[in-house]
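The lines below spell out each chain.
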Amino acid sequence: MLPSGVRIGPLDLADRVDEALRVQAVAFGLSEEEVGIRRYIVQRHMTCRGARALGAFAEDGALTGFVYGMPNDRTHWWSTVVEPYLRAGGHDDWLDGSFVITELHVHPGFQGHGIGRTLITALTDDAAEPRSILSAVDTESPARGLYRALGYTDLARQVHFPSAALPYAVMGAALPLARGGNGYRGPSRPR
């Protein structure tokens, strides 16, 4: 259940990129230089085919969290970096027919209340693809715990992105994502 006054809805990420990156900077510990680089990346991503974003909004309209993603494309930079790691484990087929979660961040003051779970499930529920893929820092964390609870499993570990200090894990899940702790996978839909 979401905190009182918080609502989830469509987000014009290109228009509110600076506000979203402030949330990401606090949640992920980004420097001003990293924020500047990510501003360009987010704006470019939002021009990609099928890119969509959702936000979590406080009563005053302030952004408290956001998620965005798009159908995966093997020609995108992220795919070219993770492909050899996925291929080595026999999972490179996950780069096809997957909706990639590009970013999911919730302001620390709002974490632990189901906002991240609601954002990612709402975004993927509308995906035409039969599965989802994402990358997360390869350490045990609340984020990795959330992804596992949603049905994501490790497809590759110790993935090294250029300029990233820490290794990442690539995770994948069938859609719709799992709901609750009882394995409920949401409403069935044709594949």
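A.B. asks: Can you explain the pairing of strand 5 (residues 131–137)? Please cite residues and give values.
C.D. replies: Of all seven residues in strand 5, six are buried; the element is thus mostly enclosed. Pairing geometry for strand 4 (residues 98–106) and strand 5, over four bridges, is parallel. Bridged to Val100 within strand 5 is Ile133. In terms of handedness, the path from strand 4 via helix 4 (residues 115–125) over to strand 5 forms a crossover that is right-handed. Taken together, the seven bridges between strand 5 and strand 7 (residues 168–174) define a ladder with antiparallel strand orientation. Paired with Ser135 across the two strands is Val170, which belongs to strand 7.

A.B. asks: Give me the lowdown on the nonpolar core, citing residues and values where you can.
C.D. replies: In terms of nonpolar packing, the biggest core is built from 33 residues, with Leu13, Tyr68, Trp78, Val82, Leu86, Ile133 and Val170 touching the most fellow members. Breaking this core down by element, the ones donating at least two residues are helix 1 (17–28), helix 2 (32–45), strand 2 (52–57), strand 3 (63–71), helix 3 (77–88), strand 5, strand 6 (153–159) and strand 7. For Tyr68, the residues in contact, after removing those within four places along its chain, are Leu13, Val42, His45, Met46, Arg52, Ala53, Val100, Ile101, Thr102, Glu103 and Leu123. If you look at the next biggest cluster of nonpolar residues, it comprises 23 residues, including Ala56, Ile115, Leu150 and Leu177.

A.B. asks: Got a sec to walk through the environment of Asp60? Specific residues and values, please.
C.D. replies: Checked against the element boundaries, Asp60 lands in the loop between strand 2 and strand 3. When the C-alpha atoms of Asp60 and Val6 are compared, they prove to be 9.4 Å apart, with 54 residues separating the residues in sequence. A polar atom in the side chain of Asp60 sits 2.9 Å from the backbone nitrogen of Ala62.

The rules behind these values
Residues numbered from 1 in each chain as written. Predicted model: local features only at pLDDT ≥ 70, side-chain atom pairs only at ≥ 80, totals over all residues. Heavy atoms only, no water. Buried < 20%, exposed > 50% of the residue type's maximum accessible area, 1.4 Å probe, protein only. Helix = DSSP H or I, 4+ residues; strand = E, 2+ residues; numbered from the N terminus. Pairing = 2+ DSSP bridges. Right-handed = clockwise from strand over helix to strand, strands pointing away. Core = buried A, V, L, I, M, F, W, Y, C linked by side-chain atoms within 4.5 Å. Contact = heavy atoms within 4.5 Å. Polar contact = N/O pair within 3.5 Å; in protein donor to acceptor, adjacent residues only side chain to side chain.

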